[in-house]
Amino acid sequence: MRKRLEEKYLERMNLLLRELSQRPLSRRELQTKFLRKVDSPSAFEGTILFLIRDGRIRKSGSEYRSPYVIIERGQLLLEALS
């Protein structure tokens, strides 16, 4: 049976938030971990951009290669998804 679109989006957000809850990761590291489970680079881009714009994750610094971290709103979403 096919999963509903909303379920796919929630699973993708859960995957990224779970990884970031363990430690800050660069975009490349996040993408590598994401693509092991979801074979779609465009799904990664859409998911990470949504989480940034929605205030769930952010970069830890102003440098170009600063790692991403989960923030309080992201932690609350992760708890709700678990």
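In what follows, the accompanying structure is described. (Residues numbered from 1 in each chain as written. Predicted model: local features only at pLDDT ≥ 70, side-chain atom pairs only at ≥ 80, totals over all residues. Heavy atoms only, no water.)

## Structural notes on the overall build of the chain
Helices and strands together make up the secondary structure of the chain, namely 4 helices and 2 strands. Reading the chain from its N terminus to its C terminus gives the helix and strand order α-α-α-β-β-α. The globule rule puts the C-alpha radius of gyration for 82 residues at 12 Å, and the 12 Å found for the chain is close to it. Taking the principal axes of the C-alpha coordinates as reference, the chain spans close to 45 × 25 × 20 Å. A buried classification covers 34% of the 82 residues belonging to the chain. (Helix = DSSP H or I, 4+ residues; strand = E, 2+ residues; numbered from the N terminus. Rg over C-alpha atoms; globule rule 2.2 N^0.38 Å. Buried < 20%, exposed > 50% of the residue type's maximum accessible area, 1.4 Å probe, protein only.)

## Structural notes on the pattern of salt bridges
A complete count under the given rule lists 5 salt bridges for this structure. Between Asp 54 and Arg 56 there is a salt bridge; the shortest N-O distance is 2.8 Å. (Salt bridge = Lys/Arg side-chain N within 4 Å of Asp/Glu carboxyl O.)

## Notes on helix α1 (residues 5-22)
The terminal C-alpha atoms of α1 lie 27 Å apart, and with 18 residues this matches the ideal 26 Å at 1.5 Å per residue to within 8%. Those residues of α1 that sit buried are Arg 12, Met 13, Asn 14, Leu 15, Leu 16, Leu 17, Glu 19 and Leu 20. (Expected span 1.5 Å × (residues − 1).)

## Some words on the packing of helix α2 (residues 27-37) against helix α3 (residues 41-53)
For the pair α2 and α3, the least separation of the axes is 10 Å and the interaxial angle reads 125°. Comparing their axes, α3 and α2 come out oblique. Seen along the crossing, α2 lies across α3 with a hand that is right-handed. Of α3, the residues touching α2 (which contributes Arg 27, Leu 30, Gln 31, Phe 34 and Leu 35) are Pro 41, Ala 43, Phe 44, Glu 45, Thr 47 and Ile 48. (Axes fitted to C-alpha atoms, helices over the stretch in contact; angles between N-to-C directions. Parallel < 35°, antiparallel > 145°, perpendicular 65-115°, else oblique. Left-handed = near helix turned anticlockwise from the far one by under 90°. Contact = heavy atoms within 4.5 Å.)

## Details of the environment of Ile 70
Position of Ile 70 among the secondary structure elements: in strand β2 (residues 68-70). Judged by its relative accessible area of 17%, Ile 70 falls in the buried class. Taking the C-alpha atoms as reference, Ile 70 lies 9.2 Å from Ser 60; in sequence the two are 10 residues apart. In contact with Ile 70, other than residues within four places in its own chain, are Leu 17, Leu 20, Ser 21, Arg 56, Ile 57, Gln 75 and Leu 78.

## Overview of the environment of Arg 12
Inspection of the secondary structure assignment puts Arg 12 in helix α1. On a C-alpha basis, the gap between Arg 12 and Phe 44 in space is 7.9 Å, while along the polypeptide they are 32 residues apart. In this structure Arg 12 touches Phe 34, Val 38, Ala 43 and Thr 47, once residues within four positions along its chain are discounted.

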